[in-house]
Each structure stands twice: as structure tokens, then as C-alpha cells.
Amino acid sequence: MRYAILSDIHSNLAAFQAVLLDAGDRGGFDEIWCLGDVVGYGPDPVECIRLLRQYPHICIAGNHDWAAIDKVDTSDFNPDAAAAAHWTSGQLGPEEVEYLETLPLSLQRDDCTLVHGSPREPIWEYVLSVSTAAANFACFDTSFCLIGHSHVPMVFHLGLDGVCRQGKLPGELPLRQQEGRLIINCGGVGQPRDGDPRASYAILDTGPGIVHHFRVEYDIHATQRKMIGVGLPHRLIDRLSLGW
Ligand code: ZN
């Protein structure tokens, strides 16, 4: 099976469409595994939910998905994120609200655990350091854990020696050659934050057991123009060009 691993689409329809096109060109996929934050920040929340639902997929809840349906308080958000969450709430119809309401906090598929933030704190925790990753390996049972939330592609490896190491997510990550367990972040589709503004996603091919990581150019200006048009905060518009 081939799974498209997408996280943090963040209402960025142009980025989402570009990723789907790219995945199609690379042999397609059987199912999308979406790691949360379908909405928030960007200008097309309804369109992104509808497009995702046209595909066979599973999806888990992110903090912005919950903020958009008032399931979490936005007082923990920075002012721009809170403003975008408030705007997003106003865009959603009953069908979108119901869809976001039903998203689970975590799922297990094959030998993978899927969460948005971390297995320990699925909605809020960022896994960006070895110490945080090391603590989280105790919080899931599968060999592999797929996460999003930080929008930074990276991989943490817990070796048989019990030592946790951090690395960049390579273009090809062969799962069966790993001795130990992995926490994998495939980066963000709609708002990359590693200094590379291109959309980031992966395809997990369970046949050979390889995670293929890709970066995809998309029409950033089209998304920015829409954001200006609906009055979303300038800082959120500018950051898309810079990839942070
Ligand atoms: Zn996010």
C-alpha cells in the first residue's frame, strides 16, 4: 500500500492541490494519512476539508482544527493565530464543523501510530528536541510514530542501546533497516517552517517499507492574495514566502 502522509495543510488549497498533483505524478497513493491542522492560518478552510474528503483518507485532530470549532481556548495561541482561528470558525458550515468534531486524537495503522503533536500530548506538544522525543517513545507501542505540528521535517531514532538521536528526514527513509524505533515528522503542507517555503509531504510505501520525502513548489502568491483579500494577518501572509 502507498499512503500519502500529509500534515498541517492549514487551509492552503494551492499547496494541498500541488501536493496531490505531485503525489499523483509519482505513482499515486491508496489513502491519505492526514496528521491534523487541516484548517487555521490560511484562506481556504472549507475547500481544504472538502478536497480531503474526496479521497480515501484517515485524519486526526490538530490544535487548529479544535480551535476552529471552539474545542480549545485560543488564549494559548499567539494573536495572529487566534485571529485566523476566529476567522476560520466563521467560514465553516455545519458539515465542516461536524467533520472536525469527529476527528480522533490518535490512530494506529500497520505498525504506525499517528498523532498531531506527540503521543504524550497529541494536541499541544511539539517534538523538536531529543529529550522530548526520548520521553515520547514510552508513550506509544508501535515501531513507528508519525507526527506533525512543528511543520519541520525531521526524524528521531531510538536505538536498541536506548539512545535517542535526531536527524534530518532524508529523501528516502528505509524502515526495515532500522534497528529500533522512529518518530517521523514529514513537515507541513500549508505552512513549512524549516526555511524552505515549498510544501513538504511524504509517501509511505509499505511494500519495500520506505518513506519517500518530497518538497513541492506551489503558487504561494495565489494563497497570499486570497489571504489579503479576506483580511488575514500580514505576518501570516509574509511567512509563507520565507518558510518559517
Ligand atoms: Zn500546524
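### Notes on the overall build of the protein chain
Counting its secondary structure elements, the protein chain contains 8 helices and 12 strands. For 244 residues, the compact-globule estimate of 2.2 N^0.38 gives 18 Å, and the protein chain sits close to it at 17 Å. Overall, the protein chain is about 50 × 40 × 35 Å in size when its C-alpha atoms are taken along their principal axes. Scored against the burial criterion, the 244 residues of the protein chain give a buried share of 59%. Taking the contacts inside the protein chain whose residues are at least 6 apart along the sequence as the reference set, 71% of them involve residues at least 24 apart. When the accessible area of the protein chain is evaluated, it comes to approximately 10,000 Å², of which 50% is carbon and sulfur surface. Of the side chains in the protein chain, 18 bear a positive and 31 a negative charge, and the two mean positions are spaced by 4 Å.

### Some words on the sheet that holds strand β2 (residues 31-34)
Spatially, 6 strands are ordered β3-β2-β1-β11-β12-β9 in an open sheet, and the strand pairing comes out mixed. Two strands close off the open sheet at either side, each with one partner strand: β3 (57-59) and β9 (172-174). Between one strand axis and the next, the sheet turns by 20° as a mean value, whatever way the strands run. The pairing of β2 with β3 spans 3 bridges and is parallel. From the neighbouring strand, Ile32 faces β3, where its bridge partner is His57. In the packing of helix α1 (residues 13-25) onto the sheet, the strands contacted are β1 (2-6), β2, β11 (199-205) and β12 (210-216), and the crossing angle to β11 comes to about 35°.

### Some thoughts on the pattern of salt bridges
Scanning all chains against the criterion turns up 10 salt bridges. Its salt-bridge partner being Arg165, residue Asp161 comes within 3.3 Å of it at the nearest N-O pair. Of the charged contacts in the structure, one is a salt bridge between Asp196 and Arg198, with a shortest N-O distance of 2.8 Å. Its relative accessible area of 33% is what places Arg198 among the partly exposed residues.

### A closer look at the state of the cysteines
Within this structure, the stated rule accounts for 0 disulfides. Among the cysteines around Cys48, which has no disulfide bond, Cys34 carries the closest sulfur, lying 9.8 Å off. For Cys48, a relative accessible area of 0% translates into the label buried. The thiol of Cys139 is unpaired, and the distance to the nearest cysteine sulfur, on Cys145, comes to 9.5 Å. Classification of Cys139 as partly exposed rests on a relative accessible area of 33%.

### Things to note about the coordination of the zinc ion
Under perfect tetrahedral coordination by four donors, a metal shows angles of 109.5 degrees; under perfect octahedral coordination by six donors, it shows angles of 90 or 180 degrees. Those donors, Asp8 (OD), His10 (NE2), Asp37 (OD) and His151 (NE2), are the protein atoms that reach the zinc ion, and they lie 2.0 to 2.4 Å from it. Seen from the zinc ion, its 4 donor atoms lie at angles of 86 to 174°, and the figure they make is irregular. Each donor residue of the zinc ion lies on one chain, and together they are spaced D-x1-H-x26-D-x113-H. The buried category is assigned to Asp8, whose relative accessible area is 0%.

### A short note on the pairing of β12
Burial analysis of β12 places 7 of its 7 residues in the buried class, which makes it a mostly covered element. Here β9 runs beside β12; their pairing, made up of 3 bridges, is antiparallel. Across the sheet, residue Glu172 finds its bridge partner in β12, namely His212. Bridging between β11 and β12 involves 7 bridges; their strand directions are antiparallel. Bridge assignment links Asp205 to a residue of β12, and that residue is Ile210.

### Focus on the sheet that holds strand β7 (residues 154-158)
Ordered by their spatial adjacency, 6 strands build an open sheet running β4-β5-β6-β10-β7-β8, and the pairing between neighbours is mixed. A single partner strand is all that each edge strand has here, and the edge strands are β4 (106-109) and β8 (164-168). For this sheet, the mean angle separating the axes of adjacent strands, direction not counted, is 20°. Pairing between β4 and strand β5 (residues 112-115): 4 bridges, direction antiparallel. Paired with Gln108 across the two strands is Thr113, which belongs to β5.

Here is what the cut-offs are and how they apply
- Residues numbered from 1 in each chain as written.
- Predicted model: local features only at pLDDT ≥ 70, side-chain atom pairs only at ≥ 80, totals over all residues.
- Heavy atoms only, no water.
- Helix = DSSP H or I, 4+ residues; strand = E, 2+ residues; numbered from the N terminus.
- Rg over C-alpha atoms; globule rule 2.2 N^0.38 Å.
- Buried < 20%, exposed > 50% of the residue type's maximum accessible area, 1.4 Å probe, protein only.
- Contact = heavy atoms within 4.5 Å.
- Areas by Shrake-Rupley, 256 points an atom, 1.4 Å probe, with all protein chains shown as cover.
- Lys, Arg positive; Asp, Glu negative; His and termini not counted.
- Charge placed at Lys NZ, Arg CZ, Asp CG, Glu CD.
- Pairing = 2+ DSSP bridges.
- Axes fitted to C-alpha atoms, helices over the stretch in contact; angles between N-to-C directions.
- Salt bridge = Lys/Arg side-chain N within 4 Å of Asp/Glu carboxyl O.
- Disulfide = S-S within 2.5 Å.
- Donors = N, O, S within 2.8 Å, 3.2 Å for Na, K, Ca; no water.
- Tetrahedral: all angles 85-135°; square planar, octahedral: opposite > 155°, others 65-115°.

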